[in-house]
Amino acid sequence: MALKVHIAGKLVDKDDARISVFDHGLLYGDGVFEGIRSYRGTVFRLESHLRRLYESAKAICLEIPMTIEAMADAVYETLRANQIQDAYIRLVVTRGSGTLGLDPNRCGHPQVIIIADRISLYPAEFYDKGLEIVTVSTIRNHSAALSPRIKSLNYLNNILAKIEGLKAGCVEALMLNSKGEVAECTGDNIFLVSRGRLLTPPIDAGILDGITRQVVIDLAREVDWTVLEIPLTKHDVYIADECFLTGTAAEVIPVVKVDNRTIGEGVPGPHTRELMDRFRQETLSGSRE
Ligand code: PMP
């Protein structure tokens, strides 16, 4: 069965899902997106993802031509049409087809695209043994220029960092902000465990307000762990007892080496393993927020 894509309000075969070469999403990266997952047919944290999508759109003065409720229905419709229980869902809203100039007012209607495909996961080995990452020289977008809270179609900042990481042999890379503080990875947020406390950079360090990040913070606070959202430096990373990343695709993944330095004991630590377990239970609980 061909994959069905939701585009312009209809479900069509993958090969028939096309957009104009004049779409400003293509010409300028003018648009917003979300990456969402479903577990056993239930979309995980759909409300949070849709809220972030509509907030990103608002921040770039893009009016999404449907209500949040209609968007949620369309996501489920796409999931059902493809009969995928455990899916990676990509929601894209572009500025739409316009002229060869930046002016968004010359674009027609925003284009809404929903793709639900099978998820391709990091190898299981990364979860068992932990990842090795490097700090890269590409700094995270200055939030006064382009807020990293906007999940826009312009991901070149992250792609440049990813290229640096890959050249160093790492699948994920750590980015600092313009102050030299730890920001986030190219597609994941970062956490440290230090003296029994969970530490993560605050949103105003210039990071994406990750949905998985918030789930992990909530899970930790449920069992009375101390969670501090505070500015962190590379020094804090190097001396941490544990380190892990969070993201929709990666879920919770341990990090055991940063910049060729061993973190803690060099194996996924007990706090990380406990959060991995509890996160897994949360995804399978079927709760819809
Ligand atoms: N930071 C960046 C830059 C990302 O692209 C992502 C993935 N959306 C994340 C963090 C993790 O966010 P979430 O948990 O919402 O997937």
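These numbers were taken from a predicted model, which means no experiment stands behind them.

Draft legend 1. View of the packing of aromatic side chains. For the structure on display, the rule yields five aromatic pairs. Considering the side-chain rings of Phe191 and Phe244, the 5.0 Å spacing of their centres and the 10 degrees angle between planes classify their relative orientation as stacked. One end of the pair, Phe191, is in strand β10 (residues 189-194); the other, Phe244, is in strand β13 (residues 242-247), and 53 residues separate them in sequence. Phe244 matches Phe191 in its accessibility class, with the two residues each being buried. Lying over the aromatic face of Tyr238, Arg261 brings its terminal NZ or CZ to 3.9 Å of the ring centre.

Draft legend 2. Quick look at the pairing of strand β1 (residues 4-7). Where β1 lies against strand β2 (residues 10-13), four bridges are found, and the strand directions are antiparallel. Following the sheet pairing, His6 is matched in β2 by Leu11. Between the antiparallel neighbours β1 and β2 lie two residues, among them Ala8 with a positive phi of about 50 degrees. Of the pairings in the sheet, the one linking β1 to strand β6 (residues 111-118) comprises two bridges and is antiparallel in character. Opposite Ile7, over in β6, you have Ile113 as the bridge partner.

Draft legend 3. Layout of the pairing of strand β9 (residues 182-185). Across three bridges, the pairing between strand β8 (residues 173-176) and β9 is antiparallel. Across the sheet, residue Met175 finds its bridge partner in β9, namely Glu184. Between β8 and β9, which follow one another and run antiparallel, lie five residues, and Gly180 among them has a positive phi close to 85 degrees.

Draft legend 4. Summary view of the sheet that holds β6. Across the sheet, six strands lie side by side as β2-β1-β6-β5-β3-β4; this open sheet has antiparallel pairing. In this open sheet, the two strands that pair with only one neighbour each are β2 and β4 (42-43). Summarising the sheet, strand β3 (residues 31-39) and β4 pair through two bridges and their orientation is antiparallel. Bridge pairing in β4 links Ser38 to Val43. Along the sheet face, helix α3 (residues 68-82) touches β1, β2, β3, β4, β5 (87-94) and β6 and points at about 40 degrees away from the line of β6.

Draft legend 5. Structural context of the domain arrangement of the protein chain. As assigned here, the protein chain comprises domain 1 (4-117) and domain 2 (124-283). Inter-centroid distance (C-alpha atoms) of domain 1 to domain 2 is 27 Å. Taken together, the 24 residues of domain 1 in the interface contact 18 residues of domain 2. Of the roughly 1700 Å² buried at the junction of domain 1 and domain 2 (both faces included), carbon and sulfur atoms supply 64%. Three residues, Phe33, Phe44 and Arg52, lead the burial of domain 1 against domain 2; their summed loss comes to 35% of the area buried on that side. Inspection of the domain 1/domain 2 interface yields two salt bridges.

Draft legend 6. Looking closely at the nonpolar core. Counting residues in each nonpolar core, the largest one holds 39 residues, and the members touching the most others are Leu198, Val216, Phe244, Leu275 and Phe279. Per-element tally for this core: the top contributor is helix α6 (residues 211-222), with five residues. The residues contacting Val216, other than those within four sequence positions of it, are Phe191, Leu198, Phe244, Thr246, Val252, Leu275 and Phe279. Val32, Leu53, Val93 and Ile114 belong to the second largest nonpolar core, which has 27 residues in total.

Draft legend 7. Expanded view of the side chain of Ser56. Tracing the chain through its elements places Ser56 in helix α2 (residues 46-59). Setting aside residues up to four positions removed in sequence, Ser56 forms contacts with Val32, Arg149, Ile150 and Lys151.

Draft legend 8. View of the packing of α6 against helix α8 (residues 270-284). Packing of α6 against α8 leaves a shortest axis separation of 10 Å and a crossing angle of 110 degrees. Accordingly, the angle class assigned to the pair α6 and α8 is roughly perpendicular. Two secondary-structure elements touch here, α6 through Thr212, Val215, Val216, Leu219, Ala220 and Glu222 and α8 through Leu275, Arg278, Phe279 and Glu282. For the contact of α6 with α8, the per-class residue count stands at six nonpolar, one polar and three charged.

Draft legend 9. Spatial organisation of the packing of α2 against α3. For the pair α2 and α3, interaxial distance at closest approach is 11 Å and the crossing angle is 125 degrees. Classified by the angle their axes make, α2 and α3 are oblique. Classified by chirality, the crossing of α3 by α2 is right-handed. Of the residues in α3, those touching α2 at Leu46, Leu50, Leu53 and Tyr54 are Ile68, Met71, Ala72, Val75 and Tyr76. Residue composition of the contact of α2 with α3, grouped by class: nine nonpolar, no polar and no charged.

Conventions used here
Residues numbered from 1 in each chain as written. Predicted model: local features only at pLDDT ≥ 70, side-chain atom pairs only at ≥ 80, totals over all residues. Heavy atoms only, no water. Phe/Tyr/Trp six-rings, centres within 6.5 Å; stacked < 30°, edge-to-face > 60°. Helix = DSSP H or I, 4+ residues; strand = E, 2+ residues; numbered from the N terminus. Buried < 20%, exposed > 50% of the residue type's maximum accessible area, 1.4 Å probe, protein only. Lys NZ or Arg CZ within 6 Å of the ring centre and 35° of its normal. Pairing = 2+ DSSP bridges. Contact = heavy atoms within 4.5 Å. Axes fitted to C-alpha atoms, helices over the stretch in contact; angles between N-to-C directions. Domains from an automatic or database assignment. Buried area = accessible area lost by both parts, 1.4 Å probe. Salt bridge = Lys/Arg side-chain N within 4 Å of Asp/Glu carboxyl O. Core = buried A, V, L, I, M, F, W, Y, C linked by side-chain atoms within 4.5 Å. Parallel < 35°, antiparallel > 145°, perpendicular 65-115°, else oblique. Nonpolar A, V, L, I, M, F, W, Y, C, P; charged D, E, K, R; others polar. Left-handed = near helix turned anticlockwise from the far one by under 90°.

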